[in-house]
Structures are given as structure tokens and as C-alpha cells.
Amino acid sequence: MKKIVLITGATSGIGLACAKKFAENGDRLILTGRNEERLSEIRKELTAKGTEVITLVFDVRDREKAKKNLNELPQEWKVIDVLVNNAGLALGLEPEYEGCLDEWETMIDTNIKGLLTMTRLIVPGMVERNRGHIINVGSVAGDAAYAGGNVYCATKAAVKALSDGLRIDVANTAIRVTNLKPGLVETNFSNIRFHGDYERAASLYKGIKPLTGDDIADVAVYAANAPEHVQIAEVLILATHQASGSVIVRK
Ligand code: 8X3
């Protein structure tokens, strides 16, 4: 059956890969992001291939705008089946005693509070309908801290705790909660983390074949398509030569 899938941060990386894979899966998409132009290009591209797409322009940090955008969805689009809480970022890799407070705030506001905003706005409808699936994009970074990861790792540890907490809170319903924990994925992630220092970002993926956004999106679609009695609660997805957040073997 066609599902309505809402993906936050759908303009690039894992979010965009999820948009394409869920489109290939035949689902209807609500794509959110901050970049209106990119969203509209993606909508055109997917619509041309026969996917029904609605785009919403807002930053998950803006609670009022998120609420307004969701309220204004056409009635038939409000019955969201799958929420992919993907919007998130890492900024900096400084020791905790030297990090930038503003950057910490941006990560906390996006990765934790933004995810909570979307969850709080969308999950009540799922509970009412006794149907739905929340797929949170966590990280291997949430399993254990790595050098310089401090606050980013803490936000992803929060995603793990919030996924586990929500799973308990909806255990009496048919709703499923999945925490996807990618390792090294080559996207714009490191360019953003290193403020556009492309060389430093590229060096992270040298000597190892990293994952792609598609590798993660495949797992998201698998979890969403699993039979109703199967809840893919958590998946850690690493590159083959990566063993943890801090153990990466480059050749
Ligand atoms: C992305 C994976 O290892 O760069 O969350 O933190 S890592």
C-alpha cells in the first residue's frame, strides 16, 4: 500500500537518498528543508517520474513555522504514515573545552529539539490512527564518544534515548520506532562540519570506501516495508573497514 512519508532535511545526503528510495518504493512524499530552490528541483525531478510530492520550506528549529506548515497540509496529506527525522548536522571537531557555544546550540536545537518538535507534531495523529512509523537518523556517534565529537555525539546519544523512550510510549499501539545509526557516510556532512574545508572533509574518506546515502536509505525503506509485526528497532550501519566511531582502518 502507498504510504505518506515525511522526510526532514530532504535536500541533500541521507534525506535526499531516502526521498529517492521511498519514491522508487511507490510512496507519496512530503519533503521538508530550508532550501526552497533545491526542494523545488527535487519535487520536479521526482514528480516527472510519477511520484506525488509536497514540499514544505521550514527549519526544524522553528517550532511555529513547522506547526503552521503541517497544519496547512491538505487534509488527505495529514495522515502521515512514516516520519523520517533526518534533519541534523555536526559542526566542528574541537575538544570540549574549546568548542563554540553557538555551534553547540545549533546542533542541540536541530538534532534534538527539531526531532522532538516533529515527533510531537506528527506522532499524536499516528497514535489516534493506531498506525505509523518513526525512523530517526541517529549515528554510531551516539554509541560512544570519539575525539572531538563531544556535543555531536551527545546529540546522537539523545536520539538513541528519545527513540527508545518513544518506542516504550507507543508499545501499546501498532506504531514502530526505528533508530538508524550510520557510520562513515560520504555526503555533505563533513563539508558542513569543517565549515567548507573540502580538503579536510575529503581526507576523512580517503583510504576507505565509505557508505553512501543510498546505503542508509535502503535500510530505511526495508524497515518501513517490514511486516506489521516486525519492528526494526535499531540498526548500526558501518563501512566494512570501520569498527566503531573511532576505529577506521584506512589502506
Ligand atoms: C555520522 C557518523 O562517525 O562521522 O554521524 O560521527 S560520524
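Computed from a prediction, not measured in an experiment: that's the story for all the values here.

Comments concerning the pairing of strand β6 (residues 176–182)
Look at any regular strand and the pattern is simple: side chains alternate between the two faces of the sheet.
Reasoning step 1: Burial runs high along β6: 7 of the 7 residues are buried.
Reasoning step 2: Taking every second residue as pointing to the same face, both faces of β6 are buried, with R176, T178, L180 and P182 on one and V177, N179 and K181 on the other.
Reasoning step 3: Taken together, the 5 bridges between strand β5 (residues 133–137) and β6 define a ladder with parallel strand orientation. Residue H133 lies in a different strand from β6, and its bridge partner there is R176.

A word on the environment of L91
Reasoning step 1: Looking at where L91 falls in the secondary structure, it is placed in the loop between β4 (82–85) and α4 (101–129).
Reasoning step 2: Along the chain, L91 and M126 lie 35 residues apart, while their C-alpha atoms are 33 Å from each other.
Reasoning step 3: Setting aside its immediate chain neighbours within four residues, L91 contacts E103, T106, M107, I192, R193 and H195.

Some remarks on helix α1 (residues 13–24)
Reasoning step 1: Compared with the 16 Å implied by 1.5 Å per residue over 12 residues, the 17 Å span of α1 between its first and last C-alpha is a close match.
Reasoning step 2: With 9 of 12 residues buried, α1 lies mostly within the body of the structure.
Reasoning step 3: Looking at the residues trailing α1, positive phi occurs at G26, about 90°.

Section: the environment of I122
Reasoning step 1: Among the structural elements, I122 can be located in helix α4.
Reasoning step 2: Judged by its relative accessible area of 6%, I122 is buried.
Reasoning step 3: Sequence separation of I122 and I192 is 70 residues, and the distance between their C-alpha atoms is 28 Å.
Reasoning step 4: Not counting residues within four places of it along the chain, the set of residues in contact with I122 comprises L6, L70, I80 and L83.

Here's the deal with the site of the ligand
Reasoning step 1: Taken together, the residues surrounding the ligand are S139, V140, A141, Y146, Y152, P182, G183 and F189.
Reasoning step 2: Measuring from an oxygen atom of the ligand, one finds a side-chain N or O atom of S139 at 2.6 Å.
Reasoning step 3: The fraction of the free accessible surface of the ligand (240 Å²) that becomes covered by protein chains is 88%.
Reasoning step 4: The pocket occupied by the ligand, as judged from atoms lying within 2 Å of grid points, is the largest pocket.
Reasoning step 5: In terms of residue class, the shell around the ligand is made up of 6 nonpolar, 2 polar and no charged.

Details of the side chain of R193
Reasoning step 1: Structurally, R193 can be placed in helix α6 (residues 189–193).
Reasoning step 2: For the buried R193, no salt bridge exists, and the shortest N-O distance to an oppositely charged side chain is 8.0 Å, to E94.
Reasoning step 3: Excluding anything up to four places from it in sequence, R193 contacts A90, L91, G92, L93, Y146, G149 and Y152.

Topic: unusual backbone geometry
Reasoning step 1: Although it is not a glycine, N130 sits at a positive phi angle of roughly 50°.
Reasoning step 2: Along the chain, the position of N130 falls in the loop between α4 and β5.

Structural notes on the layout of surface pockets
Reasoning step 1: The space that makes up the largest pocket amounts to roughly 1100 Å³.
Reasoning step 2: Along the walls of the largest pocket sit 49 residues, with G88, L89, Y152, T187 and F189 positioned nearest its centre.
Reasoning step 3: With 4 residues, the single largest contributor to the lining of the largest pocket is α6.

What counts and how
- Residues numbered from 1 in each chain as written.
- Predicted model: local features only at pLDDT ≥ 70, side-chain atom pairs only at ≥ 80, totals over all residues.
- Heavy atoms only, no water.
- Buried < 20%, exposed > 50% of the residue type's maximum accessible area, 1.4 Å probe, protein only.
- Helix = DSSP H or I, 4+ residues; strand = E, 2+ residues; numbered from the N terminus.
- Pairing = 2+ DSSP bridges.
- Contact = heavy atoms within 4.5 Å.
- Expected span 1.5 Å × (residues − 1).
- Near = heavy atom within 4 Å.
- Polar contact = N/O pair within 3.5 Å; in protein donor to acceptor, adjacent residues only side chain to side chain.
- Areas by Shrake-Rupley, 256 points an atom, 1.4 Å probe, with all protein chains shown as cover.
- 1 Å grid on protein atoms, 1.4 Å probe; cavity = no way out; pocket = protein on both sides within 12 Å on 5 of 7 lines; lining within 4 Å.
- Sits in = over half its atoms within 2 Å of the grid points.
- Nonpolar A, V, L, I, M, F, W, Y, C, P; charged D, E, K, R; others polar.
- Lys, Arg positive; Asp, Glu negative; His and termini not counted.
- Salt bridge = Lys/Arg side-chain N within 4 Å of Asp/Glu carboxyl O.
- Points joined across faces, edges and corners; volume = space filled by probe spheres on them.

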